[in-house]
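Chain and residue survey
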Amino acid sequence: MSLIPLVGRKSFSTRVLFAGLYLVLALGGFTMVYPFALMLATATTGNADWQSFRVFPRYWFDDTELLRKYVCDKAPLPSLAWEYRQDRWFTMQDVRAADLRAAAPSDPAARDAAAADWGAFLDTLPPAHRYLSFVHQGDREHSVLSLRPVFFRWLAERYTNDLEQANLRYRDTAANWIELGLPRAFAGGIELDPRAPRNRDWTAFVLTRPPTQTRVICLDEVAFMELRNRYGSAEGLNAEHGTAFQRLVDVSWNVLAGSEWGRRIQDNLLRTVWPLDQLRLRAAARPAFEAFAADRGVAFSTDPPADLQARAVWAQFVRTPECLLEFLEPVDPLQQWRTFLAGRYGRVDALNRAHGTSWATFDAVSVPAPAVDARAVAESRRSVRRTFLFGNFTIVFDYIFLHGRSLINTLILIALSIGSALTFNPMAAYVLSRFRLRHTHHILVFLLVTMAFPAEVGMIPGFLLIKSFPLGILAVGVAALLLYALVRLFVIRVRLPLALNALLALAVTAGAAWLLPPVIARALGRADLNVSLMNTFFALVLPGLASGYSIFLLKGFFDSLPPEIYEAAMLDGASEMRIFLRITMPLCKPVLAVIALGAFTGAYGQFMFAFLTCQDPRMWTLMVFLYQFQQMYSTPLIMAALVITSVPTLLVFLLCQNLILRGIVIPSYK
């Protein structure tokens, strides 16, 4: 009988009621879909935009936002602030699309000219003066544009996928290509042995990258970063030294040379930060160097020596007080870039017409990063957008398939859990339903009581049981029971009442299991006969081998089956096992599907107990593995991992929804 009668359904009040019901259902559906949609959208974001929490990230349809994401993944934020002349870029949220749009030339021809000149200039630089973008971020701030995996793939091809050969050459013991890591030289720090195989390979890789992925380290850049670290802003610098700068980016290296405090900063930067390969000694340093290296047998040279020992002495001298600031001559790629442009265009107005800029002099020219970045995104916006959309999912897939056995372990656990749930629970329910035991009601109450406690309550006793499983006691008890059965069958054939026979069997089994294990353990020199099931599939499967809810549900379903079916089967001579397998089980497919789905969900989502009992990484399930993944990677990658892991459950529900509904509706109907 319907709750709303057919008569009067077209009345206004009834229609309003229907509209309200549909509205409530729609809102309920929205509250279920919206979180997943937000999680899916966040999985396609990166470090620049994940905190916006938009269902439709702007870069999906806005090319300027796409450029913003590209730029934010390119280099450390202080370097980007210097390249784009932005003092106030302290966080990713400070990088605005409008600033990027204003910094880059609007004319595509001007961007092409600037990018072409930049590429030609980079070809004139020594390999040691070229550095890469998209390599600064670690795992926690991982970028889908990162060149790290590209380098490892290039390295694998270089050594024909022979990791052992690379380990021998590098004197390393890496278990995979990623563990080889990147050389220190990529960060611009002092590298004492540029001839090492690892550094030579890195230099060769750098030369294969296009100009859009190549950058240089300039004096003005390191000066800006140092001032930013010390003073934070131009106001802090002015308050400290009584200056009147409007922006920190206006404080160039040459400006620092005009004050005592600025020269101190220059001295510290050249000795501790500036790349050694971009530093020279003037001829005036010869006497001081020869006095310093007199007992080391190293001759004076203006450039860093190639020999490792001589290079170490040269680097030590640079850091000593004997090496005055006047002795140091840094090689500044920015100054070389200005000289290159002056030689190519001759006049600054010709440069401005070609590059779409408004420089007053060649000495004011900066690196053309805005034009190069805008051209790179404009030329390949589809591939860049596709990389941002699917890059996080690719990283997660690679991590799952290439690290550990979590996926295989989870599949095995799912198969074992479903198999055990469809074996033990139906057998127990069949016995309770078919044989009408006197205490069936009490057994069902006991099974229902187990549902009254959360799983966490049984976690501690379950852990203790797995940690010290009484395998010896069970084995002795089973052996005693079999021995009793054999004696009753072949030796003592006196007929006894069933209750007395069962009581004797229980007494023999319990007595043997209680008395014999300590004796056997002492004979074997062990404290007991218990074994540990930690880090095994037994630890994951045994605690959920039987389910009180499943047995209760199956028992009710079995009770609803017509008894005439069983009577006909018995008249045809079918055994109980045959009746169970060929009649009962096929008729119960809907409810078995519900139980199988529950077993799948429990096994697939098992985390806490698996985390406690299987701490060996080789036995981690997918959820434990993803927990470890969350400790290492950023929020967008975590969201991508959650989306990927939720897809199997969603697919199972969609494909099995008819069976699930039948399993829910048919028992209640009958």
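So, here is what we can say about the structure in this document. (Residues numbered from 1 in each chain as written. Predicted model: local features only at pLDDT ≥ 70, side-chain atom pairs only at ≥ 80, totals over all residues. Heavy atoms only, no water.)

1. Some points on the overall build of the protein chain
Scanning the protein chain for helices and strands turns up 33 helices and four strands. The C-alpha radius of gyration of the protein chain comes to 37 Å, more than 25% above the 26 Å expected for a compact globule of 670 residues. Taken along the three principal axes of its C-alpha coordinates, the protein chain extends 115 × 85 × 50 Å. Within the protein chain, the fraction of its 670 residues that count as buried is 42%. When the accessible surface of the protein chain is split by element, carbon and sulfur atoms take 64% of a total near 36,200 Å². Across the protein chain, 64 positive and 53 negative side-chain charges occur, with their mean positions spaced 11 Å apart. (Helix = DSSP H or I, 4+ residues; strand = E, 2+ residues; numbered from the N terminus. Rg over C-alpha atoms; globule rule 2.2 N^0.38 Å. Buried < 20%, exposed > 50% of the residue type's maximum accessible area, 1.4 Å probe, protein only. Areas by Shrake-Rupley, 256 points an atom, 1.4 Å probe, with all protein chains shown as cover. Lys, Arg positive; Asp, Glu negative; His and termini not counted. Charge placed at Lys NZ, Arg CZ, Asp CG, Glu CD.)

2. Re helix H14 (residues 308-319)
A rise of 1.5 Å per residue sets the reference length of H14, with its 12 residues, at 16 Å; its end C-alpha atoms lie 17 Å apart and thus fit the reference within 8%. The set of residues buried in H14 consists of Ala 310, Arg 311, Val 313, Trp 314, Ala 315, Phe 317 and Val 318. Residues of H14 that are buried sit in contact with helix H12 (260-272), strand S3 (279-281), helix H13 (286-292) and strand S4 (328-330). Regarding H14, its N-cap is Asp 307, as a side-chain oxygen of that residue lies 3.2 Å from the backbone nitrogen of Gln 309 further along. (Expected span 1.5 Å × (residues − 1). Contact = heavy atoms within 4.5 Å. Polar contact = N/O pair within 3.5 Å; in protein donor to acceptor, adjacent residues only side chain to side chain.)

3. Details of the side chain of Asp 220
Structurally, the position occupied by Asp 220 is in helix H9 (residues 219-231). Every residue in contact with Asp 220, bar those within four places of it in the chain, is listed here: Trp 82, Ser 252, Trp 253, Leu 334 and Arg 338.

4. Overview of the packing of helix H31 (residues 622-632) against helix H32 (residues 635-655)
Across the interface, H31 lies against H32 with an axial gap of 10 Å and an inter-helix angle of 165°. As summarised for this structure, H31 and H32 are arranged roughly antiparallel, according to the angle between their axes. Judged by the twist between their axes, the crossing of H31 over H32 is left-handed. The residues of H32 that touch H31, namely those facing Leu 622, Met 623, Leu 626, Phe 629 and Gln 630, are Leu 637, Ile 638, Ala 641, Leu 642 and Thr 645. (Axes fitted to C-alpha atoms, helices over the stretch in contact; angles between N-to-C directions. Parallel < 35°, antiparallel > 145°, perpendicular 65-115°, else oblique. Left-handed = near helix turned anticlockwise from the far one by under 90°.)

5. Concerning the environment of Arg 263
Along the chain, the position of Arg 263 falls in helix H12. Note: C-alpha distance between Arg 263 and Leu 182 (81 residues apart in sequence) is 33 Å. In this structure Arg 263 touches Leu 256, Ala 257, Gly 258 and Leu 325, once residues within four positions along its chain are discounted.

6. A look at the pattern of salt bridges
Tallied over the full model, the rule gives 28 salt bridges. The salt bridge partner of Asp 63 is Arg 381, with a shortest N-O separation of 3.2 Å. Here Asp 63, found in helix H2 (residues 63-72), pairs with Arg 381, found in helix H18 (residues 381-402); they are 318 residues apart in sequence, far enough to count as distant. According to the relative accessible area criterion, Arg 381 is partly exposed, its value standing at 34%. For the salt bridge of Asp 295 with Arg 296, the shortest nitrogen-to-oxygen distance reads 3.6 Å. Note on Arg 296: relative accessible area 34%, which makes it partly exposed. Put simply, Asp 63, Arg 381 and Arg 385 are held in one network by salt bridges that share partners. (Salt bridge = Lys/Arg side-chain N within 4 Å of Asp/Glu carboxyl O.)

7. Regarding helix H7 (residues 163-170)
Buried residues of H7: Leu 163, Ala 166, Asn 167 and Tyr 170, and no others. Buried residues in H7, looked at end-on, bunch into an arc of 100°, giving them a common side. The N-capping residue of H7, defined by a side-chain oxygen 3.3 Å from the backbone nitrogen of Glu 164, is Asp 162. Among the residues trailing H7, Arg 171 stands out with phi positive, at a value near 60°. (Arc of directions from axis to C-beta.)

8. Considering the packing of helix H26 (residues 548-559) against helix H29 (residues 589-604)
Contact geometry for H26 and H29: axes closest at 10 Å, N-to-C directions at 175°. Overall, the two elements H26 and H29 adopt an arrangement that is roughly antiparallel. Residue-level inspection shows Ser 550, Leu 553, Leu 554 and Phe 557 of H26 in contact with H29, the latter providing Val 591, Leu 592 and Ile 595. Here the contact of H26 with H29 is composed, by residue class, of six nonpolar, one polar and no charged. (Nonpolar A, V, L, I, M, F, W, Y, C, P; charged D, E, K, R; others polar.)

Take it as geometry only, folks, not as evidence of what the structure does.
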